Amino acid sequence: MILPIVGYGDPVLRKMGEEITAEHPNLPEIIANMYETMYNACGVGLAAPQVGLSLRLFVIDTTPFSDDEELPVEEQEQLNGFKRTFINAKILKEEGEIWSFNEGCLSIPDVREDVYRHEKITIEYCDENFVTKTEVFDGLVARVIQHEYDHIEGVLFTDLISSLKKKLIKKKLQNIMDGKSRPDYRMKFCNKKGR
Ligand SMILES: [Zn+2]
């Protein structure tokens, strides 16, 4: 089932996600719905708070990035079919060079900004079968994980830009809160009713 994506300004995007147990009700269904919602919106990642669930859960499929012919072939291959569910993730280490990439977010339509992040991460997480893994990722895969991980920590990419850039997008963010954006996927806006 495709779920509405929560827009910028909703308090759920600012909450720390709660840890999930293997007995969490309807977990396989929640995960399946999150993938469906992400694919429908042409996203490469989606975190539970973005569908109104304050949980430490996010899903990723970086395949759409693999078409970028400016990337090295090895990176294109790494991105193609990289589909992963992250439960109770914890980034243990961020290292390597800081590099910028123009990021966007399904909860913040029509806003894109260059965001600086470390090149390489070590992350511990449970997969959808609750098998604990510790893995190292780099490049764009790491970037997408870092963006989604921020969501379960209550952080948005617009928090990571300069105060001047924040000023420049203020109006756009207000428009999203007021429900004035019209992306081609279903959204839920915090101020839409009663204003
Ligand atoms: Zn996002």
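If you're wondering where the values come from, they're calculated on a predicted model, not measured in any experiment.

Some words on helix H3 (residues 139-152)
Now for step 1: With 14 residues, H3 ought to run about 20 Å at 1.5 Å a step, and its terminal C-alpha atoms sit 21 Å apart, in line with that.
Now for step 2: Burial runs high along H3: 14 of the 14 residues are buried.
Now for step 3: A positive phi of about 80° marks Gly-154, the residue just after H3.

Comments concerning the sheet that holds strand E5 (residues 113-126)
Now for step 1: Spatial ordering of the open sheet is given by E2-E3-E4-E5-E6, a layout of 5 strands whose pairing is antiparallel. The open sheet has two edge strands, strand E2 (45-47) and strand E6 (132-138), and neither has a second partner. In this sheet, neighbouring strand axes are inclined to one another by 30° on average, regardless of whether the strands run parallel or antiparallel.
Now for step 2: Taken together, the 3 bridges between E2 and strand E3 (residues 57-61) define a ladder with antiparallel strand orientation. In the sheet register, Leu-46 faces E3, and the bridge partner there is Val-59.
Now for step 3: Relative to the sheet, helix H1 (residues 27-40) contacts E2, E3 and strand E4 (83-103), its axis offset from that of E3 by approximately 45°.
Now for step 4: Packed on one face of the sheet, H3 meets E2, E3, E4, E5 and E6 and runs near 120° to E4.

Quick look at helix H5 (residues 170-177)
Now for step 1: Here H5 has its buried residues at Leu-173, Ile-176 and Met-177. For H5, the arc enclosing every buried residue in end-on projection is 100°, short of the 170-degree limit, so these residues lie on one face.

Description of the pairing of E5
Now for step 1: In terms of strand pairing, E4 meets E5 through 12 bridges, oriented antiparallel. Bridged to Lys-93 within E5 is Thr-122.
Now for step 2: When E5 meets E6, the two strands line up antiparallel, connected through 7 bridges. The partner of Tyr-125 across the bridge, within E6, is Lys-133.
Now for step 3: In this structure, the hairpin formed by E5 and E6 is closed by a connection of 5 residues, where Phe-130 is found at a positive phi of approximately 60°.

So, how was this worked out
- Counting starts from 1 at the beginning of each chain's written sequence and moves along it residue by residue.
- Given that the model is predicted, a residue must reach a pLDDT of at least 70 before its local features are reported, and side-chain atom pairs must reach 80 or more before they are shown or counted; all residues, however, enter totals for whole chains, interfaces and linings.
- In computing side-chain values, all of the structure's heavy atoms are included and hydrogens and water are not.
- Going along the chain from the N terminus, every DSSP run of H or I of four or more residues is numbered as a helix, and every run of E of two or more is numbered as a strand.
- By this rule the span expected of a helix is its residue count minus one, scaled by 1.5 Å.
- Think of it in three bands: residues with accessible area under 20% of the maximum for their type are buried, residues over 50% are exposed, and the middle band is partly exposed, with areas taken using a 1.4 Å probe on protein chains only.
- In short, DSSP must find at least two bridges between two strands for them to pair.
- To define axes, lines are fitted to C-alpha atoms, for helices over the stretch in contact only, and angles between the resulting N-to-C directions are given on a 0 to 180 degree scale.
- Residues count as neighbours in contact if any of their non-hydrogen atoms are within 4.5 Å of one another.
- Of all possible arcs, the one meant is that of the directions from the helix axis to the C-beta atoms.

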